[in-house]
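Chain by chain, the residues run as shown.
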Amino acid sequence: NAGVTQTPKFQVLKTGQSMTLQCAQDMNHEYMSWYRQDPGMGLRLIHYSVGAGITDQGEVPNGYNVSRSTTEDFPLRLLSAAPSQTSVYFCASARGAGNTIYFGEGSWLTVV
Amino acid sequence: GNSVTQMEGPVTLSEEAFLTINCTYTATGYPSLFWYVQYPGEGLQLLLKATKADDKGSNKGFEATYRKETTSFHLEKGSVQVSDSAVYFCALSENNAGNMLTFGGGTRLMVKP
């Protein structure tokens, strides 16, 4: 089973560049989300979606955009990368409220 | 708002030692509580969970009991192994919030042979 798949796994960007982190799940889950992980701060929620066509902001949404055109995919876009966005990004999905949340393997992003 | 506080690491133990990682939380409602584990270079894996007060979650020899009176969910294992070396995250989710998780800062566990 593929589960939650993130690409790329590693990326180096220059300040001001844009890029998209891809996330796909093959479990027909309604809920999808993006987190960033920074040292000593655990994971913080960036954006989330409770179904196709529905997105909402999490704790740290600034500098990121998302869309959910299909149930399977939930890409995260960095419009103009900044060094403060250097982090590890995790995509997650769940069947619905109260269900187990599954994480992808992470995307390591460095902005120089 | 919701928050999770867990003991800072690293925690260094010898193999077969007893493990406790403390976790306390604040929440506006009645959350579900989780422990996730992250092995080096990997994503997060659900270790165990509890969905209501006095529930005990258990998996792979790890246990945690949902204590509403002390707002705690401490992780314990009776005899750790080198393979348990990882970062452990305590988290909560309120089911009326899109199932999103609020995480603690993580505790790194290092087990020496």
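See the structure printed just above.
Now for a description of the structure that goes with this document. Fair warning: this is a prediction, and the values are worked out from it, not measured in the lab.

Overview of the overall build of chain B
Reasoning step 1: Broken down by element type, chain B carries zero helices and 12 strands.
Reasoning step 2: Each helix (α) and strand (β) of chain B, taken in turn from the N terminus, gives the series β-β-β-β-β-β-β-β-β-β-β-β.
Reasoning step 3: Over its C-alpha trace chain B gives a radius of gyration of 14 Å, about what one expects of a compact globule, namely 13 Å for 113 residues.
Reasoning step 4: Taking all 113 residues of chain B together, 46% fall into the buried category.
Reasoning step 5: Restricting to contacts in chain B with at least 6 residues of sequence separation, those with at least 24 account for 55%.
Reasoning step 6: Looking at chain B as shown, the accessible area adds up to about 5,300 Å², and 47% of this sits on carbon and sulfur atoms.

Describing the interface of chain B and chain A
Reasoning step 1: Contact with chain B, which involves 17 residues of that partner, is made by 24 residues of chain A.
Reasoning step 2: Both sides of the chain B and chain A interface together cover about 1,600 Å² of buried area, and 61% of this is carbon and sulfur.
Reasoning step 3: Scanning the region where chain B abuts chain A turns up zero salt bridges.
Reasoning step 4: Of all the secondary-structure elements, those providing two or more residues to the side of chain B that touches chain A are β5 (32-38), β6 (44-50) and β11 (101-103) of chain B.

Things to note about the pattern of salt bridges
Reasoning step 1: Inspection of every chain in the model, using the stated rule, returns six salt bridges over all chains.
Reasoning step 2: For A:Lys9, the salt bridge identified is with A:Glu105, shortest N-O distance 3.5 Å. Here the residue A:Lys9 occupies a position in the loop between β1 (4-7) and β2 (10-13), and A:Glu105 occupies one in the loop between β10 (102-103) and β11 (107-111), the gap between them amounting to 96 residues.
Reasoning step 3: A:Lys9 gets classed as partly exposed once you look at its relative accessible area, which sits at 31%.
Reasoning step 4: By relative accessible area, A:Glu105 is classed as exposed at 53%.
Reasoning step 5: Between B:Asp84 and B:Lys77 there is a salt bridge, and its shortest N-O distance comes to 2.7 Å. As far as burial versus exposure is concerned, B:Asp84 and B:Lys77 are alike and both buried.
Reasoning step 6: Connected through shared salt-bridge partners, A:Arg36, A:Asp38 and A:Arg44 make up one network.

Considering the nonpolar core
Reasoning step 1: Membership of the largest hydrophobic core comes to 26 residues, with the highest contact counts inside it found for B:Leu19, B:Trp35, B:Leu47, B:Leu48, B:Phe73, B:Leu75 and B:Tyr88.
Reasoning step 2: Counting residues per element, the ones that place at least two in this core are β2 (11-14), β3 (19-21), β4 (23-26), β5, β6, β8 (62-65), β10 (86-93) and β12 (107-112) of chain B.
Reasoning step 3: With four residues, the top contributor of residues to this core is β10(B).
Reasoning step 4: Those residues within four positions of B:Leu47 in sequence are excluded, and the remaining contacts are B:Trp35, B:Tyr36, B:Val37, B:Asn59, B:Lys60, B:Phe62, B:Leu75 and B:Tyr88.
Reasoning step 5: Formed by 20 residues, the second largest nonpolar core is a distinct cluster that contains A:Tyr35, B:Tyr36, B:Leu44 and B:Phe89.

Considering the state of the cysteines
What is meant by a disulfide is a covalent connection between two cysteines, made through their sulfur atoms.
Residue and element names in this part refer to chain A.
Reasoning step 1: Here the structure, examined in full by the defined rule, presents two disulfides over all chains.
Reasoning step 2: In this model, cysteine 23 is linked to cysteine 91 through a disulfide, with the two sulfur atoms separated by 1.9 Å. Residues cysteine 23 and cysteine 91 share a disulfide whose torsion about the S-S bond is about -75°; that sign makes it left-handed. With cysteine 23 in strand β3 (residues 19-25) and cysteine 91 in strand β9 (residues 87-94), this pair connects stretches of sequence that are 68 residues apart. Here the two residues cysteine 23 and cysteine 91 agree in accessibility, since each one is buried.

Remarks on the side chain of B:Lys77
Residues and elements named next belong to chain B.
Reasoning step 1: Counting through the fold element by element, lysine 77 comes out in strand β9 (residues 75-77).
Reasoning step 2: For lysine 77, the side chain forms a polar contact with the side chain of aspartate 84, separated by 2.7 Å.
Reasoning step 3: Every residue in contact with lysine 77, bar those within four places of it in the chain, is listed here: Ala17, Phe18, Leu19, Lys60, Gly61, Phe62 and Asp84.

Regarding the pairing of β1(A)
All names here are of chain A.
Reasoning step 1: Across the two faces of β1 the burial differs, with Val4 and Gln6 buried and Thr5 and Thr7 not buried at all.
Reasoning step 2: As defined by bridge partners, β1 adjoins β3 across four bridges and the pair is classed as antiparallel. Counted as the bridge partner of valine 4 is glutamine 25 from β3.

Criteria and cut-off values
Residues numbered from 1 in each chain as written. Chains lettered and ligands numbered in written order. Predicted model: local features only at pLDDT ≥ 70, side-chain atom pairs only at ≥ 80, totals over all residues. Heavy atoms only, no water. Helix = DSSP H or I, 4+ residues; strand = E, 2+ residues; numbered from the N terminus. Rg over C-alpha atoms; globule rule 2.2 N^0.38 Å. Buried < 20%, exposed > 50% of the residue type's maximum accessible area, 1.4 Å probe, protein only. Contact = heavy atoms within 4.5 Å. Areas by Shrake-Rupley, 256 points an atom, 1.4 Å probe, with all protein chains shown as cover. Buried area = accessible area lost by both parts, 1.4 Å probe. Salt bridge = Lys/Arg side-chain N within 4 Å of Asp/Glu carboxyl O. Core = buried A, V, L, I, M, F, W, Y, C linked by side-chain atoms within 4.5 Å. Disulfide = S-S within 2.5 Å. Polar contact = N/O pair within 3.5 Å; in protein donor to acceptor, adjacent residues only side chain to side chain. Pairing = 2+ DSSP bridges.

So far we have only geometry, and geometry alone does not tell us how the molecule works.
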